[in-house]
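Secondary and tertiary structure notes
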Amino acid sequence: MHYLAALEKLKKGSKLYLECQSNPSIFHQDLREELKNKGQKPYATIITCSDSRVPVQHIFSSSMGELFIIRNAGNVIGDFEIGSVEYASEHLGVELIVVLGHTHCGAVHSTLHNEGHSYINAITNKVAEAIGDEKDQRKCEVLNARHSVECLKASEVLTRLEKEDKLRIISAMYDIESGEVIFDDKVISNKKLPKDDKVYVNKHMQMIFQDPMACLNPRMTVMDIIAEGLDIHGLCKSKEERT
């Protein structure tokens with residue numbers, strides 16, 4: 001999937017998460033079997049913190065096989081992370097990489113208050129490189145995510161793909177209180193979707209059933225449902241509310 005289409009899909013998934021306060025994506029045995037037999041084809045790579053308050057798949061209303069997720073405390077970048085991202089882009093065809101920082105990050109807090117020790121120092125030292133002399137926690141969280149983007153660009157593979165317009169790397173921030181994701185996407189905001197991807201993202205179809213659940217192909221993901229223009233709000237309701 002083109003990186004612009006992938007970004008649009010993430011944004012719509014985030015909006016759905018905020019509106020539904022849950023993840024209505026479909027998880028079933030048929031999908032597990034399909035992914036086993038046909039392999040994965042994620043549309044985006046997300047590098048984020050291990051913090052349990054950052055439920056990545058739910059934040060973007062994603063199901064199995066849609067996101068290639070890399071996690072560690074502080075969403076810092078080292079050789080293992082770069083290698084994982086290269087694998088996703090070269091072998092799985094992922095064109096969008098998002099470094100997702102978050103508010104109230106414990107790794108940033110520990111760095112600011114010099115609380116690192118033992119192996120934790122490996123994390124706080126990385127964060128310290130990113131934040132410099134900044135002392136404001138929120139600003140530091142943003143700087144840390146942006147620094148991780150720059151660290152990824154040390155990869156010759158990723159740099160080449162970006163120069164060939166086959167890849168984009170951006171940062172984003174997740175607010176653990178509101179659930180909102182803010183994308184730092186100015187670098188690609190002036191670009192336009194290729195025609196085929198634009199048709200996919202903006203496709204609309206008139207609703208023909210009163211109950212949206214009756215319209216679902218069991219293999220459709222929630223983002224496919226949105227692309228078809230179906231009333232997604234019906235999916236967020238309980239069975240009793242829909243009747």
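Since the model is a prediction, treat every value here as computed from it, not as a measurement.

Moving on, we come to the confidence of the model for the protein. Interpreting fine coordinate detail is not advised for predicted regions of low pLDDT. On average, residues of the protein score 83 in pLDDT, and 77% of them are at 70 or above. Counting interchain partners and residues more than four positions distant, the pLDDT-below-50 stretch residues 197-243 has 70 contacts.

So, about the nonpolar core. Counting residues in each nonpolar core, the largest one holds 23 residues, and the members touching the most others are Leu10 and Phe60. Mapped by element, the contributors of at least two residues to this core are helix H1 (3-20), strand E1 (44-49), helix H3 (56-59), strand E3 (96-102), strand E4 (168-174) and strand E5 (181-184). If one sorts the elements of this core by residue count, H1 sits on top with 6 residues. Those residues in contact with Phe60 that lie beyond four places of it in its chain are Leu10, Gly13, Ser14, Ile46, Leu67, Leu100, Val181 and Phe183.

A separate point is the sheet that holds E1. Spatial strand order, E2-E1-E3-E4-E5: 5 strands in an open sheet with mixed pairing. Because the sheet does not close on itself, it has two edges, and the strands there are strand E2 (67-72) and E5. Geometrically, the sheet is characterised by an average inter-axis angle of 25° between neighbouring strands, direction not taken into account. Of the strand pairs in this sheet, E3 and E4 are connected by 7 bridges, and their pairing is parallel. Note on E4: the bridge partner recorded for Val99 is Ser171. Helix H4 (residues 79-91) contacts E1, E2 and E3 of the sheet and is inclined by roughly 180° relative to E2.

What follows is about the packing of aromatic side chains. Going through the model one piece at a time under the given rule, you end up with 2 aromatic pairs. Taking the centre distance of 6.2 Å and the plane angle of 40° together, the rings of Phe68 and Tyr87 count as tilted. Taken together, the positions of Phe68 in strand E2 and Tyr87 in helix H4 put the pair 19 residues apart, joining distant regions of the chain. The class of Phe68 is buried, set by a relative accessible area of 15%. Given a relative accessible area of 40%, Tyr87 falls into the partly exposed group.

This part is about the pairing of E1. Each regular strand displays side chains that alternate between the two surfaces of the sheet. Counting buried residues along E1, 6 of its 6 residues qualify, which places the element largely inside the surrounding structure. Relative to E2, E1 runs parallel, the two sharing 6 bridges. When the bridges of E2 are listed, Thr48 appears paired with Arg71. As judged from the 4 bridges shared by E1 and E3, these two strands associate in the parallel manner. Following the sheet pairing, Ile46 is matched in E3 by Val98.

Time to look at unusual backbone geometry. The phi torsion of most residues other than glycine is negative, and most of the peptide bonds are trans. If you check the backbone angles, Ser61 has positive phi at about 50° while not being a glycine. Following the sequence through the fold, Ser61 ends up in the loop between H3 and E2. The phi dihedral of Ser118 is positive, around 50°, even though this residue is not glycine. For Ser118, the location among the structural elements is in the loop between helix H5 (106-112) and helix H6 (120-131).

This brings us to the packing of H6 against helix H7 (residues 137-152). Close contact between H6 and H7 brings their axes to 8 Å; oriented N to C, the two are set at 100°. As summarised for this structure, H6 and H7 are arranged roughly perpendicular, according to the angle between their axes. Contact residues: H6 offers Lys126, Val127, Glu129, Ala130 and Ile131, while H7 offers Cys140, Leu143, Asn144 and His147. Residues belonging to the contact of H6 with H7 are distributed by class as follows: 5 nonpolar, 2 polar and 2 charged.

Parameters and conventions
- Residues numbered from 1 in each chain as written.
- Predicted model: local features only at pLDDT ≥ 70, side-chain atom pairs only at ≥ 80, totals over all residues.
- Heavy atoms only, no water.
- pLDDT = per-residue confidence, 0-100.
- Contact = heavy atoms within 4.5 Å.
- Core = buried A, V, L, I, M, F, W, Y, C linked by side-chain atoms within 4.5 Å.
- Buried < 20%, exposed > 50% of the residue type's maximum accessible area, 1.4 Å probe, protein only.
- Helix = DSSP H or I, 4+ residues; strand = E, 2+ residues; numbered from the N terminus.
- Pairing = 2+ DSSP bridges.
- Axes fitted to C-alpha atoms, helices over the stretch in contact; angles between N-to-C directions.
- Phe/Tyr/Trp six-rings, centres within 6.5 Å; stacked < 30°, edge-to-face > 60°.
- Parallel < 35°, antiparallel > 145°, perpendicular 65-115°, else oblique.
- Nonpolar A, V, L, I, M, F, W, Y, C, P; charged D, E, K, R; others polar.

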